[in-house]
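Chain by chain, the residues run as shown.
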Number of protein chains: 2
Amino acid sequence: MITAIELACQAAEAGEVPVGAVLSNDDGVIFAAARNCVESEQNPMAHAEMLVLAQTYAVRGGKYFSDCTLTVTLEPCVLCAGAIAAFRVGKLVFGAYDPKSGAVEHGPRVFSHATTHHKPEIIGGVREAECSALLKAFFAGKR
Amino acid sequence: MITAIELACQAAEAGEVPVGAVLSNDDGVIFAAARNCVESEQNPMAHAEMLVLAQTYAVRGGKYFSDCTLTVTLEPCVLCAGAIAAFRVGKLVFGAYDPKSGAVEHGPRVFSHATTHHKPEIIGGVREAECSALLKAFFAGKR
């Protein structure tokens, strides 16, 4: 999570909503690390989670990342939760909860339906205060 | 939808779940057309809808496709519905309903929550019988 938070700080410095993500396995191998790039790429799908999944796919190939943990500073949105389900990521660790756009504990609650193809192990609220403070500072600075 | 159905047929011939999609605008300009490529690319995100969105982004750039219609032979899953919301696609037209994996009229009902960032105009069940027959024939052949 510390690496993900550092990436979120880099996002904020670049004028992006501060979100960072890391995809790793149980042996501590980091396959990919990325920050939110929506504004710099002008691509609404360039969320940190989507980028680490795409990078890991590029490096490893293979359809499923069941042996992997995706660590991200913010509760994933519906797009990212869908991608996590598609790749059958084994474990999801996130920092701040996101009542506005989150789709794990809020809104569509992607993994809470009988039709979900996959439900990862989920640990939310890890270093929540730090992850949340970054976001609050960013949006306060925008006002 | 006829083009999307043709692409779905091509998918079936290639051993893929038969789903096809087209992204166009109101002037009839087709920005992208694609079939499901999950097996050929061994990529669980290579759904027809994701491919037309990515292709259109590559061609047009820009964050939003509010002036566009995404036409697809099957009710989008949660990943694709999330991508449609992210790109703020103006209109979604789909063929067969998908009680198992659909996320528009089933399961997480992505566009039905107060937290959704965007809800396209939605027309489901267009040429439903043809779209559905293709899927049924494909899965019957698999058994």
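Below is a short write-up of the structure. (Residues numbered from 1 in each chain as written. Chains lettered and ligands numbered in written order. Predicted model: local features only at pLDDT ≥ 70, side-chain atom pairs only at ≥ 80, totals over all residues. Heavy atoms only, no water.)

**Observations regarding the interface of chain B and chain A**
Argument step 1. Taken residue by residue, the interface counts 26 residues in chain B and 26 residues in chain A.
Argument step 2. The contact between chain B and chain A buries some 2300 Å² in all, and 66% of this surface belongs to carbon and sulfur atoms.
Argument step 3. Our count for the chain B to chain A interface comes out at two salt bridges.
Argument step 4. Two residues, Glu39 of chain A and Lys63 of chain B, come together in a salt bridge whose shortest N-O distance is 2.8 Å.
Argument step 5. Where chain B touches chain A, the interface holds eight residue pairs in polar contact (both at pLDDT 80 or more).
Argument step 6. Elements represented by at least two residues in the side of chain B that touches chain A include exactly helix H2 (38–41), helix H3 (48–60) and helix H4 (78–86) of chain B.
Argument step 7. It is H4 of chain B that provides the largest number of residues to the side of chain B that touches chain A, a total of five residues.
Argument step 8. The class makeup of the residues in the side of chain B that touches chain A is 13 nonpolar, nine polar and four charged. (Contact = heavy atoms within 4.5 Å. Buried area = accessible area lost by both parts, 1.4 Å probe. Salt bridge = Lys/Arg side-chain N within 4 Å of Asp/Glu carboxyl O. Polar contact = N/O pair within 3.5 Å; in protein donor to acceptor, adjacent residues only side chain to side chain. Helix = DSSP H or I, 4+ residues; strand = E, 2+ residues; numbered from the N terminus. Nonpolar A, V, L, I, M, F, W, Y, C, P; charged D, E, K, R; others polar.)

**Observations regarding the sheet that holds strand S1 (residues 20–25) of chain B**
All names here are of chain B.
Argument step 1. Here we have five strands laid out as an open sheet, ordered S2-S1-S3-S4-S5, and mixed in their pairing. Because the sheet does not close on itself, it has two edges, and the strands there are strand S2 (30–35) and strand S5 (121–123). Within this sheet the neighbouring strands show an average axis-to-axis angle of 15 degrees, counted without direction.
Argument step 2. Inspection of the sheet shows strand S4 (residues 91–96) paired to S5 by three bridges, in the parallel sense. Residue pairing for S5: Val93 is matched across the bridge by Ile123.
Argument step 3. Together, S1, S2 and strand S3 (68–74) form the strand contacts of helix H1 (residues 2–13), whose direction differs from that of S1 by roughly 150 degrees. (Pairing = 2+ DSSP bridges. Axes fitted to C-alpha atoms, helices over the stretch in contact; angles between N-to-C directions.)

**Observations regarding the pairing of strand S3 (residues 68–74) of chain A**
Residues and elements named next belong to chain A.
Argument step 1. Of all seven residues making up S3, seven are buried, and the element is well covered by its neighbours.
Argument step 2. Bridging between strand S1 (residues 20–25) and S3 involves five bridges; their strand directions are antiparallel. Bridge pairing links Ser24 to Thr69 in S3.
Argument step 3. Where S3 and strand S4 (residues 91–96) come together, five bridges link them in parallel fashion. The residue of S4 that forms the bridge with Thr69 is Lys91.
Argument step 4. Viewed along the sheet, the connection from S3 through helix H4 (residues 78–86) into S4 turns out right-handed. (Buried < 20%, exposed > 50% of the residue type's maximum accessible area, 1.4 Å probe, protein only. Right-handed = clockwise from strand over helix to strand, strands pointing away.)

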